[in-house]
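Below, each chain spelled out in residue letters.
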Amino acid sequence: EADLSRSGLFRAIPRDDMLSYPTTVADVYYRDWRILGAEYLVIGSITSMEDSRYELTFSLINITAQKIQFTHKVRGKPTEIRDLAHTVSDKVYQSITGIPGAFSTRLAYVSAQRNSENEDQQGAFVYRLHIADADGAREQLMLKSSEPIMSPAWSPDGKELAYVSFETGRPAIFRQSLLTARRQQLTNFPGLNGAPAWSPDGSKLALVLSKDGNPELYLLHLATGKFTRLTRHFAIDTEPTWMPDGKNILFTSDRGGTPQIYKLSLADGSIERLTFKGNYNARPSMAPDGRTLALVHRESSVFHIASFDLQTRRLIELTETTLDESPSVAPNGAMLMYATKQGDRGVLAAVSL
């Protein structure tokens with residue numbers, strides 16, 4: 001219920017309003033659910049197996065058409081009950097919308113809290129890199145540091161993270177295995193080392209280095225450790241994100257006077273400006289469809305999260321809060337997560353695309 005409601009596309013009927021609680025198709029009286037205005041009904045039951053696992057059987061019923069849309073079974077350990085529930089949400093979401101669910105995916109994020117453990121460092125921050133379920137549950141700590149951690153990025157297979165850490169006294173890019181927690185430092189250049197972004201095939205990282213004096217885009221070939229410079233301009237080029245085809249990279253640059261989004265072709269090095277509306281467009285995050293771009297947009301003085309259609313060039317503001325930043329599109333392209341403020345706290349919020 002929480003998964004589907006958070007997607008912005010579903011409204012659950014309160015349990016107190018229900019006229020019955022069926023667990024099998026035979027127990028369903030369509031008239032009762034039509035009275036409540038229900039369009040779909042999810043029913044199910046869970047049983048214990050001999051191997052100490054659970055078997056969850058569930059069905060999606062179309063109330064309007066009076067038919068079973070599907071019946072499915074999943075099995076899992078007692079510790080995997082949440083995974084089973086997310087699977088139900090994914091199946092229901094895809095059956096109704098035609099879009100794969102993203103409720104079984106994970107998120108990576110950085111928290112910063114004032115140090116209360118060490119009296120000598122009162123007022124200083126402790127930074128933590130976490131991974132969690134898509135709804136924030138089952139949080140796991142990947143890295144803790146007294147120095148800033150920034151820009152976590154998932155590898156395409158979901159088994160590694162790349163991120164920026166200041167633990168060496170200056171920004172450096174690391175990669176870390178989620179399974180073994182093994183870490184590898186990838187860059188150690190003077191100046192800026194930032195904004196890592198995995199290529200769709202996982203073989204390369206796009207990143208930003210200022211080792212030659214100005215922030216420019218580079219490619220790091222992970223197998224060889226070789227760096228290839230992509231941009232050459234006196235302006236600041238930063239925040240690369242890959243197009244799904246792996247042939248183009250979008251990035252933020254102020255080469256036109258204000259921060260805007262540009263597209264770089266890896267084949268010939270040509271660069272095209274994409275955004276013109278507003279005096280600030282930055283932090284591009286590409287949806288899997290290769291068409292919808294999420295970004296931080298400012299029209300006057302307020303930063304909002306917006307979506308930008310690369311084909312129609314239409315820009316739509318998605319949020320009404322302020323100080324919104326770091327948009328990230330879910331793997332199904334339907335949801336977008338971003339960072340914002342509630343009072344004096346930083347929080348993560350989600351909005352439907």
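Structure: see above.
Residues numbered from 1 in each chain as written. Predicted model: local features only at pLDDT ≥ 70, side-chain atom pairs only at ≥ 80, totals over all residues. Heavy atoms only, no water.

## Quick look at the overall build of the chain
- Secondary structure assignment for the chain yields three helices and 25 strands.
- Seen through its C-alpha atoms, the chain measures out along the principal axes to roughly 70 × 50 × 45 Å.
- The 353 residues of the chain split such that 42% are buried.
- Long-range pairs, those at least 24 residues apart, make up 30% of the contacts in the chain with a sequence separation of at least 6. (Helix = DSSP H or I, 4+ residues; strand = E, 2+ residues; numbered from the N terminus. Buried < 20%, exposed > 50% of the residue type's maximum accessible area, 1.4 Å probe, protein only. Contact = heavy atoms within 4.5 Å.)

## Some points on the sheet that holds strand β19 (residues 280–286)
- Taken in spatial order, the four strands line up as β19-β20-β21-β22 in an open sheet, and their pairing is antiparallel. Every interior strand has two partners, whereas the edge strands, β19 and β22 (315–317), have only one. Neighbour to neighbour, the strand axes of the sheet diverge by 30° on average, direction disregarded. (Pairing = 2+ DSSP bridges. Axes fitted to C-alpha atoms, helices over the stretch in contact; angles between N-to-C directions.)

## Quick word on the pairing of strand β13 (residues 216–221)
- Counting buried positions over the six residues of β13 gives five, a clear majority of the element.
- Relative to β13, strand β12 (residues 204–209) runs antiparallel, the two being bridged by six bridges. Bridge pairing in β13 places Leu 209 opposite Glu 216.
- Taking the residues between adjacent antiparallel strands as the criterion, β12 and β13 are bridged by six residues, where Gly 213 takes a positive phi near 110°.
- The sheet contact formed by β13 and strand β14 (residues 226–229) spans four bridges and is antiparallel. Of the residues in β14, the one forming a bridge with Tyr 218 is Arg 229.

## Observations regarding the sheet that holds strand β5 (residues 125–133)
- With respect to topology, three strands assemble into an open sheet ordered β4-β5-β6, the strand pairing being antiparallel. The two strands at the open ends of the sheet, each matched to only one other strand, are β4 (106–114) and β6 (140–145). Neighbour to neighbour, the strand axes of the sheet diverge by 20° on average, direction disregarded.
- Judged from the nine bridges that link them, β4 and β5 form a sheet pairing that is antiparallel.

## A look at the packing of aromatic side chains
- All chains considered together, the criterion is met by eight aromatic pairs.
- Arranged with centres 5.8 Å apart and planes meeting at 90°, the rings of Phe 58 and Phe 70 form a pair that is edge-to-face. Placement of the pair is Phe 58 in strand β2 (residues 54–62) and Phe 70 in strand β3 (residues 67–76), with a sequence separation of 12 residues. Both residues of the pair, Phe 58 and Phe 70, belong to the buried class.
- Arranged with centres 5.0 Å apart and planes meeting at 85°, the rings of Tyr 280 and Phe 303 form a pair that is edge-to-face. A residue pair is termed long-range when its members are at least 10 positions apart, and Tyr 280 in strand β19 and Phe 303 in strand β21 (residues 303–309) qualify at 23 residues.
- Cluster of aromatic residues (ring-pair linked, three or more members): Phe 10, Tyr 93 and Phe 103.
- The ring of Phe 174 carries Arg 183 above its face, with NZ or CZ at 4.4 Å from the centroid.
- The cationic tip of Lys 211 hangs over the ring face of Phe 189; the distance from NZ or CZ to the ring centre is 5.3 Å. (Phe/Tyr/Trp six-rings, centres within 6.5 Å; stacked < 30°, edge-to-face > 60°. Lys NZ or Arg CZ within 6 Å of the ring centre and 35° of its normal.)

## Some thoughts on the pattern of salt bridges
- As enumerated under the stated definition, the model contains 17 salt bridges in all.
- Across the pair Asp 133 and Arg 82 runs a salt bridge, and its minimum N-O distance is 3.3 Å. Of this pair, Asp 133 sits in strand β5 while Arg 82 sits in helix α3 (residues 81–97), placing them 51 residues apart in sequence.
- Overall, Arg 82 belongs to the partly exposed group, its relative accessible area being 30%.
- Look at the salt bridges and you will find they share partners, linking Arg 82, Asp 83, Asp 133, Asp 135 and Arg 138 into a network. (Salt bridge = Lys/Arg side-chain N within 4 Å of Asp/Glu carboxyl O.)

## Quick look at the side chain of Asp 309
- Here Asp 309 is to be found in strand β21.
- Residues contacting Asp 309, with those up to four places away along its chain left out, are Arg 291 and Arg 314.

## Some points on the layout of surface pockets
- For the second largest pocket, the calculated volume is near 1400 Å³.
- Glu 1, Leu 4, Ala 12, Leu 41 and Val 42 are the residues nearest the centre of the second largest pocket, which is lined by 42 residues in total.
- Among the secondary structure elements, those contributing two or more residues to the lining of the second largest pocket are α1 (2–6), β1 (40–48), β2 and α3.
- Split into classes, the residues belonging to the lining of the second largest pocket amount to 26 nonpolar, nine polar and seven charged. (1 Å grid on protein atoms, 1.4 Å probe; cavity = no way out; pocket = protein on both sides within 12 Å on 5 of 7 lines; lining within 4 Å. Points joined across faces, edges and corners; volume = space filled by probe spheres on them. Nonpolar A, V, L, I, M, F, W, Y, C, P; charged D, E, K, R; others polar.)

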